[in-house]
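Take a look at the letters that make up each chain.
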Amino acid sequence: MDVLIVGAGLSGIGTASQVRRLLPGKRVAIVEARGVSGGTWDLFRYPGVRSDSDLQTFGYEFKPWQRSEAIADAPQILSYLRETATEQGLDELICYHHRVVSAAWSTPESRWLVEVERTDTGEHVQLSASWIFSAAGYYRYDEGFTPEFSGRDEFSGTVVHPQHWPRELDYSGQRVVVVGSGATAVTLVPAMAQDAQHVTMLQRTPSYVMPIPRHDRVAYALQSLLGPERGYALTRRKNIAKLRQIYRLFRRYPDIARRFIKWTIRKHLPDGFPVDEHFTPPYDPFDQRLCMVPDADLFRCIAAGRASIVTDRIARFTQTGIRLESGREIDADVVVTATGLNLQAFGGIELTVDAEPVDLSDTVTYRGMMLSEVPNFAFAVGYAHSSWTLKIGPVADYFCRLLEHMDAHDYDTCRPSAPDPAMPRRALMDLKSGYVRRSMDQFPARGDWKPWTTGNDHREDLTLLRKGSVTDPALLYSAATASSPAMS
């Protein structure tokens, strides 16, 4: 095929849709290791799983989100993704149970030879592609991260990780402890508190948590007045501008941002609640991703007494629960370790170029979507501080324009040249979260100047990717018959 897309989740379906619409003559296939599409939104089955970004920006630019909820649950998002795949004619392009093990680039043939494992049969097959587009996200689908807890084997209750939620788990009337303070934890607590006897959110370090409306009345009004397409487009622009302004203000004035966040929290909690203890992290807003809670559901269930927060460190598990370093003990029937993810670049694919292994940590990202000295390989990694999907559209547009340029000039290879060795290198993701710091040394780096930067500003990316030229001294094009690479 011409383009092999790895992953049938949010990024894969979005990219394939763009390629099919803009380059209808290209032979495209999508390989998906699991037996269904949807990626993250099908994998996670824990109670309450939802987006923490509004669907006007989290949805695709070309497909209006028409439900009344701006913050949607996983089944609604999954339905939207699969509906998009069907409408764009992608269903027949997805090869399920196909996990890419390795990919070997051959310069003489100007193609990738891709080794694929059939996860349903164990059979290995080989595919050939001019281009690989990785839409596999950035974390491991087969395992989440759980620290080693002393005494865990002594605990008589149930321990589960949200990434591997057992369908048969019944926590009705149970005492539940959710270990963690991130987006997963603040989702789980109000959802489980509906049926559990009591839920305790046990956090080592607080996170910034912001209440947001579940329904966007302005979006609904605009779509009713202007129609789905125009109303959606206008709401999307409004929300993008709002997100951008909040990010810039919070980063510029972190002390004011802290006071504002705590003010919004106090409005939903009883007088005297220790907000400073439980909701004041030791870092600035957006050093880690802000946790959003729709309609303040976390705070409402705390105010109602169905849930509580404890900020302390775990000393060990006991037979009946958890003992903290302070000496306090929390009784539990169920412990949920919402302790994070294990990151993995490009789904763990082993890349080689002309039989030489590619060490990802030695590469630098070109425009945040290609790798230095790796031919005909592109990828999509969304934003860390706003809606993931906002990055996918511009990346896919640039990718399609690049392929058009190659076709117009009879090129079959495109390779970002190695950047200046003196250029400072930075971690690919500018987050201080533990799960990011544990793994960034295994990922490509980003550079300190364009085109080697990886942007976190949608407006800048629109200029760099959607409007930026596909001709660049750092981008080398060549044809199999050419004697040397051509800079165009």
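Residues numbered from 1 in each chain as written. Predicted model: local features only at pLDDT ≥ 70, side-chain atom pairs only at ≥ 80, totals over all residues. Heavy atoms only, no water.

**Q** Which parts of the structure should I look at to understand the overall build of the protein chain?
**A** What the protein chain contains, in helices and strands, is 13 helices and 29 strands. Since a compact globule built from 488 residues should have a radius of gyration of about 23 Å, the 24 Å found for the protein chain is in line with a globular shape. Each principal axis of the C-alpha distribution contributes one length, and for the protein chain these read about 75 × 55 × 45 Å. Relative to its 488 residues, the protein chain shows a buried fraction of 56%. (Helix = DSSP H or I, 4+ residues; strand = E, 2+ residues; numbered from the N terminus. Rg over C-alpha atoms; globule rule 2.2 N^0.38 Å. Buried < 20%, exposed > 50% of the residue type's maximum accessible area, 1.4 Å probe, protein only.)

**Q** Quick question: what am I supposed to make of the pairing of strand E25 (residues 413-416) here?
**A** Successive residues of a regular strand alternate their side chains across the two faces of the sheet. Here E25 shows no split at all, with Thr-413 and Arg-415 on one side and Cys-414 and Pro-416 on the other all buried. Here E25 runs beside strand E28 (residues 475-478); their pairing, made up of 4 bridges, is antiparallel. In the sheet register, Thr-413 faces E28, and the bridge partner there is Ser-478. (Pairing = 2+ DSSP bridges.)

**Q** How do you make sense of unusual backbone geometry when you look at a structure like this?
**A** Across the chain, the bulk of peptide bonds are trans and the bulk of non-glycine residues have phi less than zero. For the bond from Lys-450 to Pro-451, the omega torsion is 5 degrees, close enough to zero to count as cis. For Asp-295, which is not a glycine, the phi torsion comes out positive at approximately 55 degrees. Locating Asp-295 in the fold gives a position in the loop between strand E13 (291-294) and helix H10 (297-303). At Asp-354, a position not held by glycine, the phi torsion is positive, near 50 degrees. Structurally, Asp-354 can be placed in the loop between strand E20 (350-353) and strand E21 (356-357). On the basis of relative accessible area, Asp-354 is assigned to the partly exposed category, the value being 39%.

**Q** Even after reading the chapter, I still don't get the packing of aromatic side chains, so can you show me in this structure?
**A** Two numbers describe a pair of aromatic rings. These are the distance of the centres and the angle of the planes. Counted by the stated rule, this structure contains 26 aromatic pairs. Here the aromatic rings of Tyr-60 and Tyr-80 are separated by 5.9 Å at their centres, their planes lie at 20 degrees, and the arrangement is stacked. Linking Tyr-60 in the loop between helix H3 (55-58) and helix H4 (74-87) with Tyr-80 in helix H4, this pair joins segments that are 20 residues apart in sequence. For the pair formed by Tyr-60 and Tyr-80, the shared burial category is buried. Pairing Tyr-411 with Tyr-477 gives two aromatic rings, centres 5.2 Å apart and planes at 20 degrees, and the pair type is stacked. Taken together, the residues Tyr-411 in the loop between helix H11 (389-408) and E25 and Tyr-477 in strand E28 connect sequence positions 66 residues apart. Just as Tyr-411 is buried, Tyr-477 falls in that class too. Taken together, the aromatic side chains of Phe-44, Tyr-46, Tyr-138, Tyr-139, Tyr-141 and Trp-388 make up a single cluster linked through ring pairs. The ring of Phe-62 has Arg-21 sitting right over it, with the charged end atom 4.6 Å from the ring centre. (Phe/Tyr/Trp six-rings, centres within 6.5 Å; stacked < 30°, edge-to-face > 60°. Lys NZ or Arg CZ within 6 Å of the ring centre and 35° of its normal.)

**Q** Where do I start with the nonpolar core in this structure?
**A** The nonpolar side chains of a soluble globular protein tend to be buried, and buried together. By size, the foremost hydrophobic cluster in this structure holds 133 residues, and its most contacted members are Trp-131, Val-178 and Leu-402. With 8 residues, H11 is the largest single contributor of residues to this core. Val-178 has contacts with Ala-185, Leu-188, Val-189, Met-192, Val-199, Thr-200, Met-201, Leu-202, Val-336 and Ala-338, leaving out every residue within four places of it along the chain. Counting residues in hydrophobic clusters, the runner-up holds 13 residues, among them Phe-149, Val-179, Leu-202 and Ala-332. (Core = buried A, V, L, I, M, F, W, Y, C linked by side-chain atoms within 4.5 Å. Contact = heavy atoms within 4.5 Å.)

**Q** Mind showing me how you'd approach the sheet that holds strand E17 (residues 329-331) here?
**A** Either a parallel or an antiparallel arrangement is found when strands of a sheet pair, and the pairing is made through backbone hydrogen bonds. Strand order across the open sheet formed by 3 strands is E15-E16-E17, with antiparallel pairing between neighbours. Single-partner strands in this sheet number two, and they are strand E15 (314-317) and E17. Across this sheet, the average inter-strand angle for adjacent strands is 20 degrees, counted without regard to direction. In this structure, E15 lies alongside strand E16 (residues 321-324), joined through 3 bridges in antiparallel fashion. (Axes fitted to C-alpha atoms, helices over the stretch in contact; angles between N-to-C directions.)

**Q** Mind showing me how you'd approach the packing of helix H1 (residues 10-22) against H11 here?
**A** A pair of packed helices is characterised by two quantities: the angle between their axes and the separation of those axes. Contact geometry for H1 and H11: axes closest at 9 Å, N-to-C directions at 35 degrees. Relative to H11, H1 is oriented so that their crossing is right-handed. Facing Leu-10, Ser-11, Thr-15, Gln-18, Val-19 and Leu-22 of H1, the residues of H11 in contact are Thr-389, Ile-392, Gly-393, Ala-396, Asp-397, Phe-399, Cys-400 and Glu-404. Residue composition of the contact of H1 with H11, grouped by class: 7 nonpolar, 5 polar and 2 charged. (Left-handed = near helix turned anticlockwise from the far one by under 90°. Nonpolar A, V, L, I, M, F, W, Y, C, P; charged D, E, K, R; others polar.)

**Q** Would you take a moment to explain the packing of H11 against helix H13 (residues 458-466) for this structure?
**A** Their axes nearest at 9 Å, the elements H11 and H13 cross at an angle of 10 degrees. The orientation of H11 relative to H13 falls into the category roughly parallel. Side by side, H11 and H13 meet where Leu-390, Lys-391, Gly-393, Pro-394, Val-395, Asp-397, Tyr-398 and Arg-401 of the first sit next to His-458, Asp-461, Leu-462, Leu-464, Leu-465 and Arg-466 of the second. When the residues that make up the contact of H11 with H13 are grouped by side-chain class, the tally is 7 nonpolar, 2 polar and 5 charged. (Parallel < 35°, antiparallel > 145°, perpendicular 65-115°, else oblique.)

**Q** Can you walk me through the pairing of E20 in this structure?
**A** Where burial is concerned, the two faces of E20 differ: the one with Leu-351 and Val-353 is buried and the one with Glu-350 and Thr-352 is not. Pairing of strand E4 (residues 98-106) with E20 involves 4 bridges; the strand directions are parallel. Looking across to E20, one finds that Ala-103 is bridged to Leu-351. Where E20 and E21 come together, 2 bridges link them in antiparallel fashion. Counterpart to Val-353 in the pairing with E21 is Glu-356. Linking two consecutive strands that pair antiparallel, namely E20 and E21, is a turn of 2 residues; a positive phi of about 50 degrees is found at Asp-354 within it.

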